[in-house]
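Report on the structure
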Amino acid sequence: MDRNELRKVQGERLIETVERTYFNVPYYRHRMQELGIGPESIRSVEDITRLPFTTKQDLRDNYPYGLFAVPLSEIVRIHASSGTTGKPTVVGYTRNDIATWSEVMARTLTCAGADKNDFIQIAYGYGLFTGGLGLHYGGEKIGASVIPISGGNTLRQIQLMHDFGSTVLACTPSYALYLAEAIIESGISRDEFRLRVGVFGAEPWTDNMRREIEDKLRIKAIDIYGLSEVIGPGVASECLFQEGLHINEDHFYPEIIDPETLQVLPEGSTGELVFTTITKHGLPLIRYRTRDLTRLNYGRCKCGRTFVRMDKCVGRSDDMLIIRGVNLFPSQVESILLEMGGITPHYQLIVDRINNLDSLELKVEVDEAFFLDRISQLEGLRSKIQGTLESYLGLGIKVTLVEPKALERSEGKAKRVIDKREIQVLK
Amino acid sequence: MLIPQLSVFLENKSGRLTEVLEVLGKEALRITALSVADTSEFGILRLIVSDTEKAKSLLKDNHFTVNLSEVISVMAPDEAKYYAKILKILSDQEISIEYTYAFSCGSKSIIILRCNNNGQAIKALKDHEMELINASDLYKI
């Protein structure tokens, strides 16, 4: 699509979205009224800068359905991701939204070179997480044979990949690497597999990791990007040239802002990625701050697609960690610890990648408030912290009790997170 | 009868026990009894020292996590049957022992006990004419 024509379509869709949110979502109406604007203020896509931002906190404050823009009877699907204070971030889809999602996921898979002749092994988790079902609907839309194996059970993954002749693998990049090594260890010859391409996302990864996956699995590794608030996977994806991720900007309008001043940055600048969903009905979001830092490239791609490309994200403008595809804020850990002893003890999260899988360890300083004279009490404390965190985060975590002052401090304040994975690709 | 005991939380790291003892050693504190309970990841050092308050503040100043608790001390001949007898007195009363350790001293042994109900345990031991030791006598040993 010609970019001028695209801007016209984006403008029309933005106007409709602003109207829908203004009239159907009291929260947005109030925000716009506070700014002294209304639907009539938005005449083209350029006017988007007049609109207010939306943050994850706004979603939490309106938990669960406060930002939905349709009657709940119109919602056909609900997904959710874990949140800070026990409340997940909830997203709802109308039938039309599911069709949009299927469409953008079909594009994602097509972008990766998949078609109806492919067998797509979906090793993303199915359930409240958007990864599994997102890929699933996209796979069916292009007419491929979908294998909804979901995450985990590596031996079974390898067996079915081999026996069913999977040609496309969809999972997190760290799991892809783990699977690659498990295949090598299995001793089955690579020639017996038909795997050709992988679509990997839901966590940050480096180009080095891509090369390693490509070498070990002998496939093309395609980076895909999405977040449940915007739609799930399907927001952006690489084409086979692997030179940035094409954003489906006829559905999700991107901006790059300075996370401090909130001003839109000039083209080509690195800053925080912001999306406005311009076709969603269930949960339309205006200028949603992703907290992901990246850069947009409006140049035409060798593949011929005119949609803008985003670079691999280079970091976050907040302290969120992504571990095995699960979002984790240190404050979540803090609030859980607070509940245990009535005080916030010093703690440190150590994230590492061991055998290509993210590992998470929590070190907690044993404060006098926690410490009685009994082993059973300490063991109980340790397993309670571990159990609560695991059930809450849906992530395995190792909890270690350490002595006071054992944790590194800078200017008296403990360093809360040590990420040893080296996946930050800051340039 | 009830003896103050210090418990110190220790990571399973070489040199930590040495550090505790060096801190106490600087002030020439006497250690009457010492025991370590450990798991694969951490341990609890239990100490009976001549000056509990002083030892506690020294350890706290050196950033150790310290807990002050009370244990029971019984003196008995150093034969296994006496230890068994003491334990049986308690179990007959359905008093559970959280931990115990002992050391011998001449032909006697000093048995340290921490029970889920120390008061009840003391009563039971007295009723059976066991020889309970108070703190000041214990420090003289």
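Residues numbered from 1 in each chain as written. Chains lettered and ligands numbered in written order. Predicted model: local features only at pLDDT ≥ 70, side-chain atom pairs only at ≥ 80, totals over all residues.

**A closer look at the overall build of chain B**
Inclusion rule: For the purposes of this entry, the term helix denotes a DSSP run of H or I that reaches at least four residues, the term strand denotes a run of E that reaches at least two, and both are numbered from the N terminus. Atoms considered for the radius of gyration are the C-alpha atoms alone. The globule rule reads 2.2 Å times the number of residues to the power 0.38. We call a residue exposed when 12 or fewer other C-beta atoms sit within 10 Å of its C-beta, buried when the count reaches 20 or more, and partly exposed for counts in between; the C-beta positions come from the backbone. C-beta atoms are first placed from the backbone for all residues, and any pair lying within 7 Å is then listed as a contact.
Helices and strands together make up the secondary structure of chain B, namely five helices and seven strands. The order of α-helices and β-strands along chain B, N terminus first, is β-α-β-β-α-β-α-β-β-α-β-α. Computed over the C-alpha atoms, the radius of gyration of chain B is 16 Å, within 12% of the 14 Å expected from 2.2 N^0.38 for a compact globule of 141 residues. Its C-alpha atoms put chain B at 45 × 35 × 25 Å along the principal axes. Per-residue burial for chain B yields a buried fraction of 28% across its 141 residues. Pairs at least 24 apart in sequence give 68% of the contacts found in chain B among residues at least 6 apart.

**With respect to the sheet that holds strand β17 (residues 347-354) of chain A**
Residue and element names in this part refer to chain A. Here is the rule: Note on pairing: two strands pair once DSSP finds at least 2 bridges between them. For helices, the fitted line uses only the C-alpha atoms of the stretch in contact; every axis is such a line through C-alpha atoms, and the angle between N-to-C directions lies from 0 to 180 degrees.
Taken together, four strands build an open sheet; the order of strands is β19-β18-β17-β22 and the sheet is mixed. This sheet does not close on itself; its edge strands, each paired only once, are β19 (398-402) and β22 (417-419). On average, adjacent strands in this sheet sit at an angle of 20 degrees to one another, irrespective of strand direction. Across the face of the sheet, helix α10 (residues 375-393) comes into contact with β18 (357-365) and β19 while running at roughly 145 degrees to β19.

**Topic: helix α1 (residues 3-24) of chain A**
Residues and elements named next belong to chain A. Using the following cut-off: To estimate how far a helix should extend, the number of its residues minus one is multiplied by 1.5 Å. When we speak of the arc, we mean the arc of directions from the helix axis to the C-beta atoms.
Helix length check: α1 (22 residues) gives 31 Å between terminal C-alpha atoms against 32 Å at 1.5 Å per residue, within 8%. Listing the buried residues of α1 in full gives Q10, L14, T17, V18, T21 and Y22. Around the axis of α1, the buried residues are gathered within 120 degrees of arc, so they sit on the same side. On its buried face, α1 is in contact with α2 (26-34), β10 (252-257) and β11 (270-277).

**A short note on the packing of helix α3 (residues 80-92) of chain B against helix α4 (residues 118-127) of chain B**
Residues and elements named next belong to chain B. Operational definition: Any angle from 65 to 115 degrees is called roughly perpendicular, while one under 35 is roughly parallel, one over 145 is roughly antiparallel, and all others are oblique. For a crossing to be left-handed, the near helix must be turned anticlockwise from the far one by less than a right angle; the clockwise case is right-handed. Note that Gly is not counted as nonpolar here; it falls among the polar residues with everything else outside the nonpolar set of Ala, Val, Leu, Ile, Met, Phe, Trp, Tyr, Cys and Pro and the charged set of Asp, Glu, Lys and Arg.
Running from amino to carboxyl end, α3 crosses α4 at an angle of 120 degrees, the nearest separation of the two axes being 10 Å. The angle between α3 and α4 falls in the class oblique. In the crossing of α3 with α4, the sense of the turn from one axis to the other is right-handed. Residues I86, I89 and L90 of α3 touch α4, and the partners they reach there are A121, A124 and L125. Looking at the contact of α3 with α4 residue by residue, the class counts come to six nonpolar, no polar and no charged.

**Some remarks on the interface of chain A and chain B**
Opposite the 17 residues of chain A that make contact, chain B presents 14 residues. Elements represented by at least two residues in the side of chain A that touches chain B include exactly α10 and β19 of chain A. Here the residues of the side of chain A that touches chain B sort into nine nonpolar, one polar and seven charged.

**Considerations on the nonpolar core**
Threshold: Note on terminology: a nonpolar core is a set of buried residues of type Ala, Val, Leu, Ile, Met, Phe, Trp, Tyr or Cys, with members joined through C-beta atoms within 7 Å.
Core analysis: the largest hydrophobic core is formed by 87 residues, its most contacted members being I120, I122, A170 and A176 of chain A. With near-sequence residues (within four places) excluded, A170 of chain A lies in contact with I120, Q121, I122, A123, Y124, L135 and V199 of chain A. With 50 residues, the next largest nonpolar core counts V20, L24, V71 and V74 of chain B among its residues.

**Concerning the environment of Y137 of chain A**
Residue and element names in this part refer to chain A. One can find Y137 in helix α5 (residues 130-141). For the pair Y137 and I397, spaced 260 residues apart in sequence, the C-alpha separation works out to 32 Å. For Y137, the contacting residues outside a window of four places in its chain are I98, W101, S102 and M105.

**Here we look at the domain arrangement of chain B**
Residue and element names in this part refer to chain B. Let me state the cut-off plainly: All domain edges in this entry derive from an automatic or database-based domain assignment.
In terms of domain boundaries, chain B breaks down into domain 1 (2-69) and domain 2 (71-140). Taken over C-alpha atoms, the centre of domain 1 sits 22 Å from the centre of domain 2. Elements with a contribution of two residues or more to the side of domain 1 that touches domain 2: β1 (2-11) and β2 (31-38). Of the residues assigned to the side of domain 1 that touches domain 2, the class counts are six nonpolar, five polar and no charged.

**Describing the packing of helix α1 (residues 16-26) of chain B against helix α2 (residues 52-61) of chain B**
All names here are of chain B. Relative to each other, α1 and α2 sit at 125 degrees, their axes nearing to 10 Å. Here α1 is positioned oblique relative to α2, judged by the angle of their axes. The element α1 and its partner α2 pack so that their crossing is right-handed. In this structure, α1 uses V20, V23 and L24 to contact α2, whose residues at the interface are A55, L58 and L59.

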